[in-house]
Amino acid sequence: MTKRYQHFINGRWHKPSDGAYFESTNPATLEVLYEAARGNAADVDSAVAAAREAFENPAWRDLSQTRRGHLMRRLGDLIADNAEEMALAETQDNGKLLREMRGQMAGVPEYLYYYGGLADKIQGDQIPTSSHLVLNYTMREPLGVVGAITPWNSPMTLTTSKLAPALASGNTIVIKPSEHTSANILRLAELATEAGFPDGVVNVVTGFGTEVGAPLADHSGLAKISFTGSTGTGQAIATSAASRFIGSTLELGGKSPNIVFDDANVGNAAMGVIAGVFAAAGQTCIAGSRVFAHKAVYDELLEKVSRRAESIVIGDPLDDRTELGPLAFESQCEKVASYVDLGVQEGATVATGGRRPDVELPGYFYSPTVLTDVNNDMRVVKEEIFGPVTAVIPFETEEELVGMANDSIYGLAAGVWTNSLSRGHRIARQLDAGTVWLNMYRAMSPMSPRQGFKASGVGVEHGIESIKDYTRLKSVWVNT
Ligand code: NAD
């Protein structure tokens, strides 16, 4: 019999209010993995009410910041103890390679350790005002109930990026995971209870965007909304949050440039281009999906990238030899194929890929694809494809390169490959991107702040800075 998950609200499993469930499917094998509760506005109400009650409950409100940190570290340890099981669950849910998920899952506890360590360092200041007869100090207070809406591509990492600073700051949380990846986020809430978090501090309502995400984002009981997903959904959420004067942290889409200069080590750059866009079958917000190559190295780079792309082993994400797994669901695969068709209609040439490969499994596989003869006016270069597709564009001068790289609504990340230190820093300064990697790509740490520029986001995730987004500042004046 298919396994069934209910919502996790107020420290226990909670039946969906109208008894509805939906199926979650393995994108490699197309087998049904489990059913999850199909939530609605009434379930969201229950979860927000539980989180509100927990926020006001002395068991959480009056817990010392040091104890909060202990609980977070214990949760980190429990995730580490269950990392293998959780890596497998994530691979089965979204098709990403098991060996990649093992690496990612090993990093998830780090968020809880890092923010657990910060929990008792969240403090105010004493402010020197113009009069010595007055004492003025500030307090950093939690906000209340935080709503977190997350996508399917790295569910545990992206959810923990929100949960950890929210809890360290003393908030409670209601999480709405992607409908494609519910299992691990429910397990996360279960482990939070096992770690000793009071009931109602961590709640999860599963289901679809319009049925659970929208009522959560619009809920009057929220003090903040934190969202990771597409720019279109983020815009609707930001509008709703602004109308209620609550803050929003938005981590949105990208179309990141990966730039190779003529003085770069082209072999290393080619590997960086490959890892930059084909990891996770291109389903990462930071995918380097626009490659800019200096004219002097364009042919060599294209040859190296295309040759390596053709040798990528596509198949079962559980197999250690596999280098590229399936896309996460059918419409995602159709979207990628239709973008490549569109590119060809726009005049692009398919240097390699551009088809569904022969794979023994029936899932949603698509070949690593490199497009050439493209320019910044084409939709394949402007829009986020979120699949294993990159476009390679030649450039001649730094000025021309910076103009083309910044000619995008997005500003999430960028890679620069050069052996010139001064050029690397000069270009990093000029790029409209929240993260810039020099002679590397894709590095990330809970300690290092991440911010999307332009349509790639609002607010900071990771690092000490993000605590500001999960707290409010109170100024107290005392007549001495
Ligand atoms: P999506 O916007 O379709 O969905 C994200 C989440 O929002 C899901 O839980 C979904 O159910 C929910 N949702 C959908 N419609 C909603 C609505 N109207 N109201 C409230 N919630 C709603 O995005 P996706 O396809 O799941 O994820 C891929 C996108 O996420 C890509 O654009 C990618 O670039 C972006 N992303 C960004 C980052 C980052 O850090 N910047 C990280 C990962 C993914």
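Residues numbered from 1 in each chain as written. Predicted model: local features only at pLDDT ≥ 70, side-chain atom pairs only at ≥ 80, totals over all residues.

- The name an unreviewed UniProt entry assigns to the protein chain is Aldehyde dehydrogenase (NAD+), from the organism Brevibacterium marinum.
- If you open the UniProt record of the protein chain and go to Sequence similarities (unreviewed entry), you find "Belongs to the aldehyde dehydrogenase family." (UniProt positions renumbered as here; feature names shortened; annotations may be inferred.)

What to know about the overall build of the protein chain
- Each helix and strand counted, the protein chain has 16 helices and 23 strands in total.
- In terms of overall dimensions, the protein chain is globule-like: its C-alpha atoms have a radius of gyration of 23 Å, near the 23 Å expected for 480 residues.
- By principal-axis analysis of the C-alpha atoms, the protein chain measures approximately 70 × 70 × 40 Å.
- Contacts in the protein chain between residues far apart in sequence, at least 24 positions, make up 71% of those at least 6 positions apart. (Helix = DSSP H or I, 4+ residues; strand = E, 2+ residues; numbered from the N terminus. Rg over C-alpha atoms; globule rule 2.2 N^0.38 Å. Contact = placed C-beta atoms within 7 Å.)

Things to note about the site of the ligand
- Around the ligand sit 32 residues, and of these P151, G209, G213, G229 and C285 come closest.
- Mapped by element, the contributors of at least two residues to the shell around the ligand are α8 (209-217) and α9 (231-243).
- Looking at the shell around the ligand element by element, the count peaks at 5 residues for α8.
- Here the shell around the ligand is composed, by residue class, of 13 nonpolar, 15 polar and 4 charged.
- Domain assignment of the residues forming the shell around the ligand places at least three in each of domain 1 (4-252 + 456-476) and domain 2 (257-438). (Near = placed C-beta within 6 Å. Nonpolar A, V, L, I, M, F, W, Y, C, P; charged D, E, K, R; others polar. Domains from an automatic or database assignment.)

Topic: the nonpolar core
- Judged by nonpolar contacts, the single largest core of 131 residues is most densely connected at I173 and I259.
- The greatest single-element share of this core, amounting to 9 residues, is contributed by helix α5 (residues 98-118).
- Residues lining this core come from more than one domain, with at least three contributed by each of domain 1 (4-252 + 456-476) and domain 2 (257-438).
- Ignoring anything within four residues of it in the chain, the contact list for I259 reads F292, L401, A405, A414, G415, V416, W417 and I427. (Core = buried A, V, L, I, M, F, W, Y, C linked by C-beta atoms within 7 Å. Buried ≥ 20, exposed ≤ 12 C-beta atoms within 10 Å, placed from the backbone.)

Points about the pairing of strand β12 (residues 247-251)
- For β12, a buried count of 4 out of 5 residues is recorded, marking the element as mostly surrounded by other parts of the structure.
- When strand β11 (residues 224-228) meets β12, the two strands line up parallel, connected through 5 bridges. Of the residues in β12, the one forming a bridge with T228 is E251.
- Where the polypeptide runs from β11 across α9 and back to β12, its parallel neighbour, the crossover connection is right-handed.
- Relative to strand β22 (residues 457-458), β12 runs antiparallel, the two being bridged by 2 bridges. Residue pairing for β22: E251 is matched across the bridge by G457. (Pairing = 2+ DSSP bridges. Right-handed = clockwise from strand over helix to strand, strands pointing away.)

Description of the sheet that holds strand β7 (residues 134-142)
- With antiparallel pairing, the 3 strands of this open sheet are ordered in space as β6-β7-β23. Each of the sheet's edge strands pairs with one partner strand only, and the pair in question is β6 (126-127) and β23 (471-479).

Remarks on the domain arrangement of the protein chain
- Domain annotation for the protein chain reports domain 1 (4-252 + 456-476) and domain 2 (257-438).
- Spacing between the C-alpha centres of domain 1 and domain 2 amounts to 31 Å.
- Residue-level contacts link 17 residues of domain 1 with 22 residues of domain 2.
- Those elements that place two or more of their residues in the side of domain 1 that touches domain 2 are α4 (83-94) and α5.

Looking at the packing of α4 against helix α7 (residues 183-195)
- Look at α4 against α7: their axes get within 9 Å of each other, and the N-to-C directions meet at 150°. When the axis of α4 is compared with that of α7, the two are roughly antiparallel. The segment α4 lies against α7, with M86, A89, E90 and D93 engaging A183, N184 and R187.
- Tallied by class, the residues present in the contact of α4 with α7 amount to 3 nonpolar, 1 polar and 3 charged. (Axes fitted to C-alpha atoms, helices over the stretch in contact; angles between N-to-C directions. Parallel < 35°, antiparallel > 145°, perpendicular 65-115°, else oblique.)

Examining unusual backbone geometry
- Notably, N10 is not glycine yet its phi reads approximately 55°, a positive angle.
- Its place among the elements puts N10 in the loop between β2 (7-9) and β3 (12-14).
- We classify N10 as buried; it has 20 C-beta atoms within 10 Å.
- The backbone of D373 sits at a positive phi, close to 55°, despite the residue not being glycine.
- Position of D373 relative to the elements: it lies in the loop between β16 (369-372) and α13 (379-382).

Points about the sheet that holds strand β5 (residues 32-37)
- Spatial strand order, β1-β5-β4: 3 strands in an open sheet with mixed pairing. Of all the strands in the sheet, just β1 (3-5) and β4 (21-25) have a single pairing partner and so form its edges. Going from strand to strand, the sheet's axes swing by 30° on average, the running direction of each strand aside.
- Note: β4 against β5, 5 bridges, orientation antiparallel.

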